[in-house]
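One-letter residues, chain by chain:
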Amino acid sequence: MSGTTIEPQTNAGQPPPGDDHAFLGHPKGLLTLSGLEVWERFSFLGMQAILVLYFVATAHEGGLGMADNTAASVAAAYGTLVYLVSVAGGWLADRILGSYRAVLWGGVLIAAGHYAMIIPTAAMTWAGLGLISFGTGLLKPNVAAMVGKLYRTDDERRDAGFALYYMAINIGAFLGPLVTGWVGEHVSWHWGFSAAAVGMTLGLVQYVAGRRHLAGREHAAEFALAPEPMRRALRMAVVGTVAVAAVALALSSAGLLTLGSFVDALTVISVIAPVVYFVVMFRSPRVTAEERGRLRPYVVLFLASVVFNFILFQSYSTMILLASANARTSILGFGFPASWYASALGAFEVALAPVVAALWVRMGTRQPHASNKIAVGVVLGGLSFLLMVLPTSGHSGNDYKMAAWWIVGSYLLLGLGDILVETSGLSASSKLAPKAFAGQTMALWFLSLALANGIQAQTVKLYGQVSGPAYFGVNGAIAIVAGLAVIAAAPWLRRTMHPVH
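Source: prediction; values computed, not measured.

Digging into the overall build of the protein
Next, step 1: A count of helices and strands for the protein gives 17 helices and two strands.
Next, step 2: The C-alpha radius of gyration computed for the protein amounts to 22 Å, which stays within 12% of the reference 23 Å derived for 501 residues, consistent with globular compactness.
Next, step 3: When the backbone C-alpha atoms are referred to their principal axes, the protein occupies close to 70 × 55 × 45 Å.
Next, step 4: Of all 501 residues assigned to the protein, the portion counted as buried reaches 51%.
Next, step 5: In the protein, 82% of the contacts between residues at least 6 apart in sequence involve partners at least 24 apart.
Next, step 6: Charged side chains in the protein number 30 positive and 23 negative. The centres of these two groups are separated by 6 Å.

Notes on the packing of aromatic side chains
Next, step 1: For the coordinates displayed, the defined rule picks out 18 aromatic pairs.
Next, step 2: Ring centres of Phe55 and Trp126 lie 5.7 Å apart, and the angle between their planes is 35°; this geometry places the pair in the tilted category. Of this pair, Phe55 sits in helix H1 (residues 29-56) while Trp126 sits in helix H4 (residues 122-149), and the two are 71 residues apart along the sequence.
Next, step 3: Taking the relative accessible area as the measure of exposure, Phe55 reaches 0% and is therefore buried.

Description of the pattern of salt bridges
Next, step 1: Scanning the entire structure with this criterion turns up four salt bridges.
Next, step 2: A salt bridge links Lys140 to Glu37; the shortest N-O distance between them is 3.2 Å. Of the two residues, Lys140 is situated in helix H4 and Glu37 in helix H1; the sequence distance between them amounts to 103 residues.
Next, step 3: Overall, Lys140 belongs to the buried group, its relative accessible area being 13%.

A short note on a nonpolar patch on the surface
Next, step 1: Residues Val268, Val271, Ile272, Val275, Val276, Val279 and Val280 make up a contiguous nonpolar surface patch of roughly 540 Å² in combined accessible area.
Next, step 2: Among the secondary structure elements, Val275 is positioned in helix H8 (residues 259-283).

A look at helix H10 (residues 318-326)
Next, step 1: By the criterion of burial, H10 is predominantly enclosed, with seven of the nine residues buried.
Next, step 2: Along H10, the residues that are buried comprise Thr318, Met319, Ile320, Leu321, Leu322, Ala323 and Asn326.

A few points about the side chain of Ser339
Next, step 1: Mapped onto the fold, Ser339 is located in the loop between strand E2 (334-335) and helix H11 (341-363).
Next, step 2: Under the relative-accessibility criterion, Ser339 is labelled buried at 0%.
Next, step 3: Setting aside chain neighbours within four positions, we find Ser339 in contact with Ala49, Ile50, Leu53, Pro177, Gly181, Glu185 and Ile320.

Considerations on the confidence of the model for the protein
Next, step 1: With 91% of its residues at a pLDDT of 70 or more, the protein shows a mean pLDDT of 85.
Next, step 2: Helix H7 (residues 227-253) is the least confidently modelled element of the protein, averaging 77 in pLDDT, while helix H16 (residues 468-488) averages 96, the highest of any element.
Next, step 3: Here residues 1-12 is a poorly scored stretch, pLDDT under 50, and it has 25 contacts once near neighbours within four places are set aside; other chains count.

The rules we used
Residues numbered from 1 in each chain as written. Predicted model: local features only at pLDDT ≥ 70, side-chain atom pairs only at ≥ 80, totals over all residues. Heavy atoms only, no water. Helix = DSSP H or I, 4+ residues; strand = E, 2+ residues; numbered from the N terminus. Rg over C-alpha atoms; globule rule 2.2 N^0.38 Å. Buried < 20%, exposed > 50% of the residue type's maximum accessible area, 1.4 Å probe, protein only. Contact = heavy atoms within 4.5 Å. Lys, Arg positive; Asp, Glu negative; His and termini not counted. Charge placed at Lys NZ, Arg CZ, Asp CG, Glu CD. Phe/Tyr/Trp six-rings, centres within 6.5 Å; stacked < 30°, edge-to-face > 60°. Salt bridge = Lys/Arg side-chain N within 4 Å of Asp/Glu carboxyl O. Patch = residues over 30% accessible without salt bridge, like charges linked within 9 Å, V, L, I, M, F, W, Y side chains within 5 Å. Areas by Shrake-Rupley, 256 points an atom, 1.4 Å probe, with all protein chains shown as cover. pLDDT = per-residue confidence, 0-100.

Spelled out as structure tokens, the structure:
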């Protein structure tokens, strides 16, 4: 035991012995955690599918009356905040709350945020989004960690277990926009938010009901701070929160803190945070020369993730706005809300993930290197935007309607790209991270997502200010060039990324 941390109890809070193969040959705790993720993604992405439409709807329509580009920028800033907070969420679980309680309280905050958004006032909307941001920051990084605790490091079922877990994520991503989208566009936006609230509540109920099947569910943090450092950390957190709130209130009263300046501040933080993180790792005496050599290719993969997710996250902002204004909302005579297009992404990932996994198994040692998988994913993301140049071209006004298949086709490319980037990128991250920073792999990955959203928050301000072909064409071309650059660097990446294959 050291003076700053308390060693973990390795045998505490283990699930019953009969659980080990109780769920499709996997630990029963996987069912509990996968069920939670179905409902968390149902609520998070269901709400996000209608959020930008709520922002642009007029006051008469029950919305906030924002311009399209402002709405997209604010939605991206919300995503930036979610992933920045996620970096702290992992530390809080490790040092103070413990994974089980971090996920529980994160879920409670998310549900409270969705319930707050039911109240039809702008103030409650912002309060709700704040609660959801902090709740997701607690929940998201720690659920995946709890899945890992269900298996021994050498358990051959581990990868298959994570595959089932990610399948659950995409099921939630598919179902959420279907329910919240229909309720939001046919009843009211705030009733749509209530559907998201109910979904998160159901997730919490089944999480608590299945807690005995979870490994590491003891209340203490795994690497808890000793009593005095913990009290000091809590004091600093309280003082810091009060100080930030006081400064924000003063700036707001002086007219200096506006929605636009808040968005800009989050973008700046999203740029600075990963730069500081990488500088610390490169300069750390705990990082060996060999590990430092593997960090260089990781920077390339980190930037590739930023480029791809910059495109991916717009599937819930600019693409939804485009679908709402300029895409037909009927297929084979069946009409549907514009927000349902967001469900296509989850549907394609549910359908394609097993196919891609089977392909890699079949190819064995002949499958592409991880860097090439990521690069192809980035190219597919670029192509999904480049495809939109065709239906948005040749129109003098904004009153045209494109066939639904254009949006669906774009999401097909994006879904396949997401499977390649996320699975290969996260796996490579865990293997390339220096041992001294191995526990912060997820934090680094979340910083790439935060940076992608931060850049998006600025770029989408051009949406509607330039032509559709120019907006989608330039952004898509940049992503394709980035993907091809990673492919061109493949020989160097293969040589420096050992032991990643």
